[in-house]
Every structure is written in structure tokens, then in C-alpha cells.
Amino acid sequence: MPPFITTMASQNDQLNRSRGIGPQSDIITIDVGGQIFQTTKQTLALAGPKSLFSHFAHPTQLGLGPLFIDRDPELFSVLLSLLRTGNLPSKAKSFDLEDLIAESKFYNIESLLINSLSNPCQFDAFNLEKSQTLPLNGRDFTSAMATTSFGTLHVAHGSKITSFDWALRIKSTILTQFTAIDSLLAIKPTLAAAGATDFSGMQILDLEKGFVRETLCWENVTQSSSTVQAIGSSPDFLFTSFESGRRNSNSIMVYDLQSFSPVTEIAHCEIYGADLDSAIPATKLKWVESYNVVMASGSHSGPSGMLGNVKLWDIRSGNVIWELKERVDCFSDITVSDSLSAIFKVGVNSGEVFYTDLRKLGDGDSNPWICLGDKRKMLNVKKEGVGCKIESYGNQLFCSKGGDVELWSEVAMNSSKKSEDGLPNRVFRRNLMGRAKDMGGSRITNLAFGGSKMFVTRKDQQSVEVWQSSVRGL
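Numbering of residues begins from 1 in every chain and follows the order in which that chain's sequence is written. With pLDDT at 70 or above as the cut-off, local features in this predicted model cover only qualifying residues; side-chain atom pairs require 80 or more to be listed or tallied, and sums for whole chains, interfaces and linings still use all residues. Side-chain metrics rest on all non-hydrogen atoms present in the structure, leaving aside hydrogens and water.

Per an unreviewed UniProt entry, the protein chain goes by the name BTB domain-containing protein and belongs to Hevea brasiliensis. UniProt positions are given in the numbering used here, feature names are shortened, and annotations may be inferred rather than shown by experiment. Comment text from UniProt for the protein chain, heading Pathway (unreviewed entry), reads "Protein modification; protein ubiquitination."

What follows is the structure, given as C-alpha cells:
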């Protein structure tokens, strides 16, 4: 080969490498607002194929010099650090969050920013503090809340639904056909299912454009209206508890979460005479992923006090795999934790927290509840648990008592110490949450969790409290 060809090829390689597009170089040089940045193709690829960063890894410009982007270099530096480490650098706190969001949208990497700032893995239950209060429009109080896994919040108040984005910066409100919304479930950040106990049908609402995408109804035997008592979901299905307008039948419908077409019907009850058990529709639906079942629970106030039932349904067979009838200290509220493998309740009379281990269900125990609080209150009839709320998130349990929130967590025990059934003994400990100045106030009416935040509403207040870790955020 003539020597001048080798020399020319070498000069072209040097020129291409200076521009950051050499075939043998993984180094990419980018000029952002007059400031030079260098990174690798591998780092840029972490942004995903649809991002602007991925195009930087394969520049096609014909001019000399590095690729030029007419944007803020300081913000670019923060986002490049996010790509490199998966976390925002400490200097990000000197920028306004709205500027970071706008810049991430320009480069089409907002999902990486959301994952860094509002990831459920960052939820620190022991370090929560009240960080801000979100005002609601109008005079109505909150009746229901729904969240997405990364912290988008939807709040039902009166006939309206107010939505906040994951950063709680963008707020929008739509007006619905309901007088008041009793059940609300977030399907996507801009799509929700809503229903009421005095309005027929469940509506799938487009919260961004403000219209009813679809109305789902249950066709009962009496052909009367079908009101919604509860809504739940799994990764694939949407569950809705319906009750007929005449209150003489109820059922749980299972829909496909993508097409909203009916899949199956379970828990269909026709009420005859004084059959109170059949008269109790499910007022709470929770999916238990590890067991592939849905927990349906409901309670009823009768002449002999509060009665309730808890059932675990296998939606594939349509059968109940476990059932418990509540007669003594019926639940005021109830939830299930997949990560803790337990069902938790707060007793309506005692106001204490109880649990039953999912791994021990079916042992034949007529009263499987284990009291985590003061056992002396188990025979209390003062209705201390009325209005209490209980929810699980991550590996913790949260229970509202008046204006305060109790945090329950499991204590790691020596696995060699086991109970009679061969399973390790379980111990839970209670902690009060937040700083002293954050606690107290009006009775808590709703608890919800999303991303790295806890949301709280209180009686007679037209706002939502946001609680998050004091060491997180911008």
C-alpha cells in the first residue's frame, strides 16, 4: 500500500476521533452551550433508544468539530451524571425541579428522572416528615385517593377529580357525572376507574382530556342499577365489586385491564330472607401477587353489632380458598401485605391492630387473629376503632388513630426459634411517625402511598398532606 494512503487514513481517524465519531473510539464529544463534554457510547445508550442521548452516540453531522447542542450546560451536566450513576448528583439541589423536568423532557429521559426522585425503593418510613400541603379547588372534602407506583396522585372531592403529576407541580381538575366518588383507582397516570355507591356503573375516565372513555355495568337478575362498592386491580385484571340498586344481590366482576372487556364473574350472591352474610358486598379488594388471589372483604352493622367476612378468591377457578367470618371485634378497616405475607386489621371495638399469617391459613383456627397492641382491649365495646384506617406499603404497616399515624414494622428474629407449626416466630413493633409538630390535628380520613411519598387527608380539610423522607428531594 502506498505510504500516503496510510498517512491519509491516519489523519482521517484523528479528525474523526476529534469529532467524537471515530469507528475505533467509544468516546463521544458534545458541545453544549459552548462547554465541552466527553462521555462514552455505553453511557449514552443507557438513556434508551428513544432518547436524544442515543442519537448523540451515532452522530451524522458532516461539519467539523463535536456535535453542538444549544442548551444549558449546567443542566446537561446534571442529567449526564444521572445517566452515569442512576442518581442525581448533590449539586442538583441548586436547580429548580421544574427546570430539571423541562430539560429531561427535551432529551426524552424524564422516566430516568422519575426513577431517581420518586422510586418506591426510596421510601423511608422511619424518616417521613410532612413536606407540603396540596390545596384542592372548591368546598368539598376528599372522599377517595389513588396513586400510581411512581407517585402520580388523583384526589376525588365531591364531583371533581384533581390530579397531580409525579413531581406534584402540575395540577389539573375535571368534573365528573358523580355527586360524590367513593371508589377511585389509578390505572395509568392519566387514566382512572371511578365509582360511587349511589351511581350506576363504573366509569373509566381520561383525566387528561376530561371525558368518560367507557362505562362498565353489572347486569344483575333484577335488571336494576349496579352501584360500585370497591375497585381493585392486578397487573392484568381490574376487579369491581357491584351491588344491585335494590340491594338484594352483589357480585365481583373481573375485567381485562387493557381492553376492559369482562373476563369472569366471581362471588355472585342473591340475597334471600335474613341471610346477612350474602347481603355484605365486598367494600375492599386487594390483589395478593404471591398467592395469585384477590382478597375481598366487607362488613355490615346489624342488631348484634358489626359483622364482616374476609375471603380469598382464586379468579381462575372462581372458588374461595379461604374464608373468615368476623363476629368479635370486627374490622373497622383491613388490608393485606404481600411482602409481609399477612392480613392486617384494626378492630372496630378495641381500636387495636391484629394480623393473621397468610402462611398459616387453613390450619382450622376459628380465630386466627393475633393482637399486636393491648390485648386487654380485645373485649372493649367502646368503638375505639371507628374511622381508623390501615394500609401497608413496602415492608411496613400504617394505621391512623385519630390525627396520628402509627408505623408497625416486623423485627428480625432468630430463625432458630420457631413456633409449633415450624415457622419462625414473628414480632412487630410500633412507632409514632414524624416530628412532634407534624402530628395531631383533625382525624385522618384517607391514607395513600405512591413512589417515595405518603399522602394524608383529614376531616373537614380541603387539602392533601404530602409526607416524604427529609433527606430526599430537591
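### Considering the sheet that holds strand 18 (residues 293-302)
Strands are treated as partners if at least two bridges between them are detected by DSSP. Labels follow the DSSP assignment, with helices taken as runs of H or I lasting at least four residues and strands as runs of E lasting at least two, numbered in each case from the N terminus. Taken together, the four strands give an open sheet; going across it, the order is 17-18-19-20, and neighbouring strands pair in antiparallel fashion. In this open sheet, the two strands that pair with only one neighbour each are strand 17 (284-288) and strand 20 (319-326). Each strand axis lies, on average, 20 degrees off the axis of its neighbour in the sheet, ignoring direction. As judged from the seven bridges shared by strand 19 (residues 305-314) and strand 20, these two strands associate in the antiparallel manner. If you follow Gly-308 over to strand 20, its bridge partner there is Glu-326. With axes taken as lines fitted to C-alpha atoms, and helix axes fitted only over the stretch in contact, angles between N-to-C directions fall between 0 and 180 degrees.

### Observations concerning the packing of aromatic side chains
Pairs were defined over the aromatic rings of Phe, Tyr and Trp, the Trp ring being its six-membered one, requiring ring centres within 6.5 Å. Orientation was assigned from the angle between planes: stacked under 30 degrees, edge-to-face over 60, tilted for the rest. For the coordinates displayed, the defined rule picks out 17 aromatic pairs. Judged by centre distance (5.1 Å) and plane angle (55 degrees), the ring pair of Tyr-355 and Phe-428 falls under tilted. Placement of the pair is Tyr-355 in strand 23 (residues 353-357) and Phe-428 in strand 28 (residues 427-432), with a sequence separation of 73 residues. Relative accessible area decides the class of each residue, using a 1.4 Å probe on protein chains only: under 20% of the type maximum gives buried, over 50% gives exposed, and in between gives partly exposed. Classification of Phe-428 as buried rests on a relative accessible area of 6%. The lysine or arginine in question, Arg-71, covers the ring of Phe-106, its NZ or CZ lying 3.8 Å from the ring centre. The criterion is that NZ of a Lys, or CZ of an Arg, lies within 6 Å of the ring centre and within 35 degrees of the ring normal, and then a charge sits over that ring. Over the face of the ring belonging to Phe-354 we find Lys-345, whose NZ or CZ atom lies 5.0 Å from the ring centre.

### Notes on the side chain of Lys-311
Residue placement: Lys-311 occurs in strand 19. Overall, Lys-311 belongs to the buried group, its relative accessible area being 17%. Residues are treated as being in contact if the distance between any of their heavy atoms lies within 4.5 Å. Not counting residues within four places of it along the chain, the set of residues in contact with Lys-311 comprises Val-294, Met-295, Ala-296, Val-320, Trp-322 and Glu-323.

### A short note on the pairing of strand 2 (residues 35-40)
Bridge analysis of strand 1 (residues 27-32) against strand 2 gives six bridges, and the strand direction is antiparallel. Among the inter-strand pairings, Ile-28 is bridged to a residue of strand 2, identified as Thr-39.

### Here we look at helix 6 (residues 110-117)
Given 3.6 residues per helical turn, the α-helix brings residues three or four places apart onto the same face. The complete set of buried residues in helix 6 reads Leu-113, Ile-114, Ser-116 and Leu-117. Viewed end-on, helix 6 has its buried residues packed into an arc of 165 degrees, placing them on one side of the element. Its buried side turned inward, helix 6 meets helix 4 (73-85) and helix 5 (97-106). By definition, the arc is the one covered by directions from the helix axis to the C-beta atoms.

### Here's the deal with the sheet that holds strand 27 (residues 404-411)
Here we have four strands laid out as an open sheet, ordered 25-26-27-28, and antiparallel in their pairing. Whereas interior strands pair on both sides, the edge strands pair on one side only; in this sheet they are strand 25 (390-393) and strand 28. Between one strand axis and the next, the sheet turns through 25 degrees on average, direction left out of account. Bridge analysis of strand 26 (residues 396-401) against strand 27 gives six bridges, and the strand direction is antiparallel.

### Overview of the environment of Phe-354
Take Phe-354: it is sitting in strand 23. Along the sequence, Phe-354 and Lys-375 sit 21 residues apart, while their C-alpha atoms lie 9.8 Å from each other.

### A few points about unusual backbone geometry
Phi is positive for Asp-329, which is not a glycine, with a value near 50 degrees. Here Asp-329 shows up in the loop between strand 20 and strand 21 (331-337). A residue is classified by how much of its surface remains accessible, and Asp-329, at 5% relative accessible area, is buried. Of note in the backbone geometry, Asp-460 takes a positive phi value of approximately 60 degrees without being a glycine. On the secondary structure map, Asp-460 appears in the loop between strand 30 (453-458) and strand 31 (463-469). Given a relative accessible area of 53%, Asp-460 falls into the exposed group.

### Side note on helix 5
Along helix 5, the residues that are buried comprise Leu-97, Leu-100, Ile-101, Glu-103 and Ser-104. Considered in projection along helix 5, the buried side chains sweep an arc of 165 degrees and stay on one side of the axis. Taken together, the buried residues of helix 5 touch helix 4 and helix 6. Contacts described as polar in this section are N or O atom pairs within 3.5 Å, which, within protein, must combine one atom able to donate a hydrogen with one able to accept it, while residues neighboring in sequence count only if both atoms come from side chains. With a side-chain oxygen positioned 2.8 Å from the backbone nitrogen of Glu-98, the residue opening helix 5 is Asp-96.

### A closer look at the pairing of strand 1
Across the six residues of strand 1, five count as buried, placing the element largely inside the fold. Here strand 1 folds back onto strand 2, and the loop between the two strands holds two residues, one of which, Gly-33, carries a positive phi near 60 degrees.

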